[in-house]
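# Structure at a glance
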Amino acid sequence: MSSLKKIKIIKPDDWHVHLRDQDILEKVIKYTQMFYQRAIIMPNLNEPIIDCKKAIAYKNRIINLSKNKQFTPLMTCYLTKDTSLKELQHGFTEKIFIGSKLYPNQSTTNSKTGINKISEIFHILELMQKIKMPLLVHGEENNNNIDIYDREAKFIEKTLEPLRKIFPELKIILEHITTKEAVSYIEENNSPYLAGTITPHHLMLNRNNMFVHGIQPNLYCLPILKRKIHQNALRKAISNGSTKFFLGSDSAPHIQKNKINQIGCAGIFNAPSSLLCYITVFDEMKALKYFESFCSKNGPNFYNVPINKESITLVKKPYKILEKVSIGKDFIKPFLSGETLTWSVL
Ligand code: NCD
Ligand code: ZN
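These numbers come from a predicted model, not from an experiment. (Residues numbered from 1 in each chain as written. Chains lettered and ligands numbered in written order. Predicted model: local features only at pLDDT ≥ 70, side-chain atom pairs only at ≥ 80, totals over all residues. Heavy atoms only, no water.)

Our next topic: the sheet that holds strand β15 (residues 344–345). Read across the sheet, three strands follow the order β1-β10-β15 without closing on themselves; strand pairing throughout is antiparallel. Strands at the two margins of the open sheet, each flanked by one partner only, are β1 (6–10) and β15. In terms of strand pairing, strand β10 (residues 311–315) meets β15 through two bridges, oriented antiparallel. The partner of leucine 314 across the bridge, within β15, is valine 345. Along the sheet face, helix α10 (residues 274–284) touches β1, β10 and β15 and points at about 60 degrees away from the line of β10. (Pairing = 2+ DSSP bridges. Helix = DSSP H or I, 4+ residues; strand = E, 2+ residues; numbered from the N terminus. Contact = heavy atoms within 4.5 Å. Axes fitted to C-alpha atoms, helices over the stretch in contact; angles between N-to-C directions.)

Pasting the structure below:
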């Protein structure tokens with residue numbers, strides 16, 4: 001398989017991306033559309049997407065700024081303790097929302113209105129289980145006394161496992177998983193109600209990469225990059241063909257002056273290369289035979305939406321990643337900017 005020079009797959013979807021709004025949205029949207037037919041758009045704007053009206057307006061802004069009119073943005077509802085059940089049910093049955101997003105309070109960018117105690121939203125989760133609305137989860141305990149490298153594993157133990165006992169048929173996506181604990185939790189449960197997404201950067205890097213020649217703020221993201229043992233567990237997970245894992249790039253653009261600041265923002269902008277990064281890893285792992293299901297089948301099957309009809313062809317040909325994306329006087333630095341990957345889109 002590794003001598004394969006060309007691979008044609010069903011057009012993938014990105015099941016977790018941040019497109020932001022206004023001038024940033026306008027500049028970054030085309031990169032996501034280069035590779036993906038659909039994408040789940042994260043709702044953590046400065047003013048989060050907490051109801052149908054906001055979701056419809058945001059979706060329209062995305063569509064209006066899109067050159068590629070085939071692309072479908074899939075919207076999510078940012079859960080707060082005050083989320084209205086009526087609103088959520090309406091949004092899901094009318095297909096305004098594909099799911100709801102749980103941010104533990106202060107766990108990441110724009111999560112200050114996130115959930116403090118999971119029991120605050122049990123009534124919401126009960127409804128979601130009943131109507132089969134997926135719950136997308138930022139799975140990190142938000143307790144500063146817990147070591148940042150342990151917050152995902154602790155979340156599984158202290159929040160997710162008890163939650164799944166109470167709501168056994170709630171569909172849960174543990175997003176951007178980063179640890180061997182998350183991999184084995186998903187694999188061992190092997191449940192139709194539990195899946196995980198994996199980012200290109202967590203597959204390609206580990207925490208050492210954040211400290212090469214000094215500190216590398218552009219590699220700071222949440223959940224933070226972990227030890228190599230965890231990186232290897234993720235690489236193994238995608239290589240064994242499990243249908244419980246699928247593509248979610250977590251491309252999260254921040255303008256450079258906000259990355260390199262007294263307090264630097266978390267997030268890696270990988271949209272210009274995400275699919276090429278994934279194929280590089282599958283190729284390195286000699287697992288290209290599972291590439292299409294990870295990118296294009298496992299996600300739609302889990303979310304219960306049709307698999308795309310379109311296709312995309314990737315070729316083993318060098319591809320140089322662009323240096324920067326200008327935003328007015330400022331810019332966003334892409335993941336691996338200026339570096340050359342071995343795969344490109346035909
Ligand atoms: C994301 C962002 O900037 O919105 N940041 C990140 O490091 N991944 C939020 C998130 O998904 O945690
Ligand atoms: Zn994210």
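With that settled, the discussion passes to the coordination of the zinc ion (ligand 2). Each protein donor to the zinc ion (ligand 2) is listed here as His16 (NE2), His18 (NE2) and Asp250 (OD); together their distances run 2.0 Å. Taken together, the four donor atoms coordinating the zinc ion (ligand 2) and their angles of 93 to 136 degrees define a geometry best described as irregular. Linear spacing of the donor residues for the zinc ion (ligand 2) on their chain is H-x1-H-x231-D. Of this pair, histidine 16 sits in strand β2 (residues 13–17) while aspartate 250 sits in the loop between β9 (245–247) and α9 (256–259), and the two are 234 residues apart along the sequence. On the basis of relative accessibility, which here comes to 1%, the residue histidine 16 falls in the buried class. By relative accessible area, which is 6% here, aspartate 250 ends up buried. (Donors = N, O, S within 2.8 Å, 3.2 Å for Na, K, Ca; no water. Tetrahedral: all angles 85-135°; square planar, octahedral: opposite > 155°, others 65-115°. Buried < 20%, exposed > 50% of the residue type's maximum accessible area, 1.4 Å probe, protein only.)

Right, let's talk about the pattern of salt bridges for a bit. One pass over the structure, following the stated rule, counts 14 salt bridges. The salt bridge partner of glutamate 47 is lysine 54, with a shortest N-O separation of 3.5 Å. A relative accessible area of 26% means that lysine 54 is categorised as partly exposed. In this structure, glutamate 181 engages lysine 180 in a salt bridge whose closest nitrogen and oxygen atoms are separated by 3.4 Å. One network of salt bridges, with partners in common, ties together Glu161, Arg164 and Lys165. (Salt bridge = Lys/Arg side-chain N within 4 Å of Asp/Glu carboxyl O.)

Lining the immediate environment of ligand 1, one finds 15 residues, of which Arg20, Asn44, Thr108, Leu222 and Asp250 sit closest. The contact in question runs from an oxygen atom of ligand 1 to an N or O atom on the side chain of histidine 18, over 3.1 Å. Computed on the free molecule, ligand 1 has an accessible area of 310 Å², of which 100% lies beneath the protein chains in the complex. Of the residues assigned to the shell around ligand 1, the class counts are four nonpolar, nine polar and two charged. (Near = heavy atom within 4 Å. Polar contact = N/O pair within 3.5 Å; in protein donor to acceptor, adjacent residues only side chain to side chain. Areas by Shrake-Rupley, 256 points an atom, 1.4 Å probe, with all protein chains shown as cover. Nonpolar A, V, L, I, M, F, W, Y, C, P; charged D, E, K, R; others polar.)

Before going further, it helps to examine the side chain of arginine 151. Note on placement: arginine 151 falls in helix α5 (residues 151–166). Although arginine 151 is buried, it makes no salt bridge; glutamate 140 carries the closest opposite charge, 5.9 Å away. In this view, arginine 151 contacts Gly139, Glu140, Glu141, Asn143, Asn144 and Ile146; residues no more than four positions away in its chain are not counted. (Lys, Arg positive; Asp, Glu negative; His and termini not counted.)

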